[in-house]
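Listed below, chain by chain, are the residues.
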Amino acid sequence: MQKDFEERYHLITAVKDFESLRVAFLGRKGHVPSLRAQIKTLPTAEERKQLGARATALQRRVEDGINALRLELEDRAIAKTLEQERADIDLPVLDQHELGALHPVSLIRNKLEQVFQRLSFSVLDGPDVEFEDYNFNKLNIPDHHPARDMQDTFYLQNYQRLLLRTHTSNVQVHAMEQHSPPLRVVSMGRCFRCDNDLTHTPQFHQIEGFVVDNGISFAHLKGMIDVFLRALYGKELATRFRPSYFPFVEPGAEVDIACVACGGNGCRVCKQTGWLEAGGCGMIHPNVFETLNIDSESYTGFAFGFGLDRLAMLYFGVDDLRVLFAGQDEFLSQFPTHLQ
Ligand code: FA5
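Before going into details, it helps to say that this report is about the structure given with it. (Residues numbered from 1 in each chain as written. Predicted model: local features only at pLDDT ≥ 70, side-chain atom pairs only at ≥ 80, totals over all residues. Heavy atoms only, no water.)

1. Examining the overall build of the chain
Just so we agree on the cut-off: Labels follow the DSSP assignment, with helices taken as runs of H or I lasting at least four residues and strands as runs of E lasting at least two, numbered in each case from the N terminus. As a reference, a globule follows 2.2 Å times the number of residues to the power 0.38, and the radius of gyration itself is taken over C-alpha atoms. When accessible area is computed with a 1.4 Å probe and restricted to protein chains, residues below 20% of their type maximum are described as buried, those above 50% as exposed, and intermediate ones as partly exposed. In this charge count, Lys and Arg are treated as positive and Asp and Glu as negative; neither His nor the chain ends contribute. Note that the charge is assigned to NZ on lysines, CZ on arginines, CG on aspartates and CD on glutamates.
Along the backbone of the chain there are 12 helices and 9 strands. The C-alpha radius of gyration of the chain comes to 36 Å, more than 25% above the 20 Å expected for a compact globule of 340 residues. Its C-alpha atoms give the chain principal-axis dimensions of roughly 115 × 50 × 35 Å. Counting only residues that meet the buried cut, the chain has 41% of its 340 residues in that class. Taken as two groups, the 36 positive and 46 negative side-chain charges of the chain have centres that lie 11 Å from each other.

2. Some remarks on the packing of helix α9 (residues 218-233) against helix α11 (residues 308-316)
Filter applied, for reference: Every axis in this analysis is a line fitted to C-alpha atoms, fitted for helices over the stretch in contact. Angles between the N-to-C directions lie between 0 and 180 degrees. Each angle is binned into one of four classes, with values under 35 degrees roughly parallel, values over 145 roughly antiparallel, values of 65 to 115 roughly perpendicular, and all other values oblique. Two helices crossing with the near one rotated counterclockwise from the far one by less than a right angle form a left-handed crossing, whereas a clockwise rotation gives a right-handed crossing. Residues are treated as being in contact if the distance between any of their heavy atoms lies within 4.5 Å. Side-chain classes follow a simple rule in which Ala, Val, Leu, Ile, Met, Phe, Trp, Tyr, Cys and Pro form the nonpolar group, Asp, Glu, Lys and Arg form the charged group, and the remainder, Gly included, forms the polar group.
Running from amino to carboxyl end, α9 crosses α11 at an angle of 45 degrees, the nearest separation of the two axes being 11 Å. With respect to their mutual orientation, α9 and α11 come out oblique. Note on packing geometry: the crossing formed by α9 with α11 is right-handed. Here Phe228, Leu229, Leu232 and Tyr233 of α9 lie close against α11, whose contacting residues are Leu311, Leu314 and Tyr315. Across the contact of α9 with α11, the residue classes tally to 7 nonpolar, no polar and no charged.

3. Topic: the packing of helix α1 (residues 2-11) against helix α2 (residues 18-26)
Viewed as axis vectors pointing N to C, α1 and α2 meet at an angle of 175 degrees, and their least axial separation amounts to 11 Å. As far as their axial angle goes, α2 and α1 are roughly antiparallel. Along the contact surface, α1 presents Asp4, Phe5, Arg8 and Tyr9, while α2 presents Ser20, Leu21, Ala24 and Phe25. Class assignment for the residues of the contact of α1 with α2 results in 5 nonpolar, 1 polar and 2 charged.

Everything listed here is a matter of geometry and, on its own, says nothing about what the molecule does.
Okay, structure coming up:
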């Protein structure tokens, strides 16, 4: 019996073959149980003892043998895999674009983060899924206010008063709820609107910046916008402020930037106007301060919200916003892997 086991044992080359060997020797009708069944048929105690010892020895041999061989075969399988998957360190290094690179909007986002950190701004994050209160109500846009129609909103099905934020201005509310002035905050991230044309996409990015302190004026706002645009584009750029209405600021303005691609002469990027609409800004409305328990007699503040994608378009001279989101390798591989 033991010889039979040794012969079959040495033929085994794969872990899966163990099962039939185990069943043949240790299974209910296997050799070991049948040896044990014979014990009681033997006439003398000595014979029964001997057969019992043989059965036990065989059982141990089978169990130990199977365990040892299983380990050995597993080791062999691992060694084979390692051999097959061995890294060839002599392979040529891949081109940076084959390795993957940051998206142009991420490049601009990272660069702006550095610029604002140097200006002592705190960089905060805000949630993409937001309460209506933070996106609208606490920003002086009450229920049924017509200004809500200007930001075609995606609401979450089955969740009352939850939406995909339409702008990064929600961060103003979170920051002013959690921290007392003075505040210098910048935040960048995804926004969502039911919008889709040459210059609007359903998902886009904004940068929000705001400062709350004693004696902050519109002059500080204009100065800050000039400073960060100069730092981003590496040159002085003309800006144009057009009076505009945002319920959370007073006064409010829209900001156009002179087209970087043509220097303001008119081209495809700026649709021959020489200007590109980049965002909104203004002095934070006293109602917003009062809602957030900030004394509007002591503090004033400015805020601005720009389209990051627009800033990226202008930076790289892209004339169609939608290609930024098309995920085409041919387009994306034209960009540098990092900005200075
Ligand atoms: C706002 O979103 C205000 N929260 C900005 C603001 C902040 C005003 C602080 C005052 C104080 P507006 O809806 O105009 O404003 O959007 C700002 C910019 O976001 C636009 O100029 C544009 O650059 C970008 N933007 C808006 N909608 C889209 C869209 N669907 N696709 C791409 N960019 C967009």
